Amino acid sequence: MSPETGRDCAAPLVEARGLTKHYPVSTGFFSREKLVVRALEDVALDIRAGETLGVVGESGCGKSTLGRCLLRLIEPTAGEVRFDGRDVLALPAAELRRMRRAMQIIFQDPYASLNPRMRVGAIVAEGIEVHGLARGVEKRRRVEELLHQVGLGPEHADRYPHEFSGGQRQRIGIARALAVGPRFIVADEPVSALDLSIQAQVLNLLMDLQEQMGLAYLFISHDLRVVEHISHRVAVMYLGRIVERAPRALLYANPRHPYTRALLAAVPVADPRHRPKRTPLQGDVPSPLQPPSGCAFHPRCPYVEPRCRTEVPALIAGAGGHAVACHVFPAPTE
Ligand code: SF4
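What follows concerns the overall build of the chain. The secondary structure content of the chain amounts to nine helices and twelve strands. Within the chain, the fraction of its 334 residues that count as buried is 47%. Within the chain, contacts between residues at least 6 apart in sequence are counted, and of these 63% link residues at least 24 apart. Within the structure as shown, the chain displays about 16300 Å² of accessible surface, and the carbon and sulfur contribution to it stands at 52%. Each charge class in the chain can be summarised by its mean position, and for the 42 positive and 36 negative side chains these summaries are 3 Å apart.

This part takes up the site of the ligand. Near the ligand you find His-257, Pro-258, Cys-295, Phe-297, His-298, Cys-301, Tyr-303, Cys-308, Cys-326, His-327 and Val-328, and these make up its full shell. Counted by class, the shell around the ligand contains eight nonpolar, three polar and no charged residues.

Overall, mixed pairing links the eight strands, which are arranged S6-S7-S8-S3-S9-S10-S12-S11 in an open sheet. Each edge of the open sheet carries a strand with a single partner, namely strand S6 (103-106) and strand S11 (316-317). In this structure, strand S9 (residues 233-238) lies alongside strand S10 (residues 241-247), joined through six bridges in antiparallel fashion. Bridge pairing in S10 places Tyr-238 opposite Arg-241.

Below, the discussion takes up the pattern of salt bridges. In the structure shown here, the tally under the stated rule is 17 salt bridges. With its nearest N and O atoms 3.1 Å apart, the salt bridge here joins Arg-82 to Glu-80. Take Arg-82: its relative accessible area is 27%, and that puts it in the partly exposed class. Accessibility expressed as a relative area gives 33% for Glu-80, which makes it partly exposed. Salt bridges linked by common partners bring Arg-17, Asp-46, Glu-51 and Arg-233 together as one network.

What follows covers the side chain of Gln-210. Summarising the element assignment, Gln-210 is placed in helix H6 (residues 196-213). With a relative accessible area of 7%, Gln-210 lands in the buried category. Those residues in contact with Gln-210 that sit more than four places away from it in its chain are Gly-50, Glu-51, Thr-52, Leu-215, Tyr-217 and His-232.

This brings us to the sheet that holds strand S1 (residues 14-26). Across the sheet, four strands lie side by side as S2-S1-S4-S5; this open sheet has antiparallel pairing. Each edge of the sheet is formed by a strand with only one pairing partner; in this case those strands are strand S2 (34-47) and strand S5 (86-87). Where strand S4 (residues 78-83) meets S5, two bridges bridge the pair, whose relative direction is antiparallel. Across the sheet, Arg-82 pairs through a bridge with Asp-87, a residue of S5.

This part is about the nonpolar core. With 54 residues, the main nonpolar core has Val-124, Ile-172, Ile-174, Leu-178, Leu-206 and Phe-219 as its most contacted residues. Within the second largest apolar cluster, 32 residues are counted, among which are Cys-61, Phe-184, Val-186 and Ile-242.

Conventions and cut-offs
Residues numbered from 1 in each chain as written. Predicted model: local features only at pLDDT ≥ 70, side-chain atom pairs only at ≥ 80, totals over all residues. Heavy atoms only, no water. Helix = DSSP H or I, 4+ residues; strand = E, 2+ residues; numbered from the N terminus. Buried < 20%, exposed > 50% of the residue type's maximum accessible area, 1.4 Å probe, protein only. Contact = heavy atoms within 4.5 Å. Areas by Shrake-Rupley, 256 points an atom, 1.4 Å probe, with all protein chains shown as cover. Lys, Arg positive; Asp, Glu negative; His and termini not counted. Charge placed at Lys NZ, Arg CZ, Asp CG, Glu CD. Near = heavy atom within 4 Å. Nonpolar A, V, L, I, M, F, W, Y, C, P; charged D, E, K, R; others polar. Pairing = 2+ DSSP bridges. Salt bridge = Lys/Arg side-chain N within 4 Å of Asp/Glu carboxyl O. Core = buried A, V, L, I, M, F, W, Y, C linked by side-chain atoms within 4.5 Å.

Below you can see the structure in the form of structure tokens.
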């Protein structure tokens with residue numbers, strides 16, 4: 001039982017049900033026709049404290065929209081988001097602002113997300129000031145502590161973002177997110193702009209911080225190897241829907257959905273003799289403006305059957321927490 005909230009500690013910290021985001025778009029200045037971009041369709045997930053749920057998929061599959069809807073940085077069209085048992089979408093503005101302390105985001109591009117005219121100390125201190133968490137000497141001490149936590153020194157507080165490397169800038173972004181004492185962080189492609197060796201450092205830092213602070217992460221990436229390194233469970237998204245979700249080891253050892261298998265087949269391997277015999281992905285992701293009927297993956301799927309063209313497959317859970325949305329390859333039952 002949590003002493004703060006009186007909730008069961010094993011209960012999910014973050015829960016989403018039926019989460020949907022549609023964007024109406026106009027087809028032309030004089031046109032009355034309205035189309036809808038289906039960025040997110042009926043997504044359900046939960047994340048526990050101290051857990052990382054990795055989300056993978058090609059660009060445009062709705063990963064970032066999902067992260068932003070969970071934090072209510074964009075308003076979902078339908079569905080429910082709960083944080084620590086509270087209905088995030090029903091919170092009035094003042095309470096949402098207070099809750100935002102506990103729910104932070106780390107962005108992909110560490111340079112674009114840091115104000116180039118502000119010193120690093122001021123960037124990290126911004127959230128502390130906005131939420132009235134510390135002032136004066138105490139604030140300065142807290143900033144130095146945060147910089148230390150992410151592997152930077154107190155001398156870095158007086159420098160500007162352009163004086164840092166990409167990896168250091170991402171560390172500053174992480175310190176800024178930690179400044180307000182979050183419990184849940186959406187990490188949106190946080191290492192994809194970094195060199196391989198720096199990626200490992202930042203991933204290990206995120207994992208260390210999770211261990212120390214019990215943070216829950218939604219870790220978004222298009223890179224399956226990065227997601228495998230950091231995640232406890234993995235959700236694969238295609239055209240706004242989760243098509244497969246499983247504990248990491250199960251998903252990588254026994255991928256079921258043809259899309260997951262194709263993604264894994266495309267991952268480079270050091271020794272070509274160990275490349276799995278799977279059909280790589282053909283064609284592009286269809287437009288979310290006019291998604292294919294039935295299973296949205298059917299125009300690219302080598303196993304397509306007639307009902308795949310008409311019936312949307314539901315995400316059905318099988319053994320070991322493995323869930324798959326496919327008519328032909330359901331989740332294993334034992
Ligand atoms: Fe392929 Fe049919 Fe499964 Fe969709 S439902 S992934 S088209 S086999």
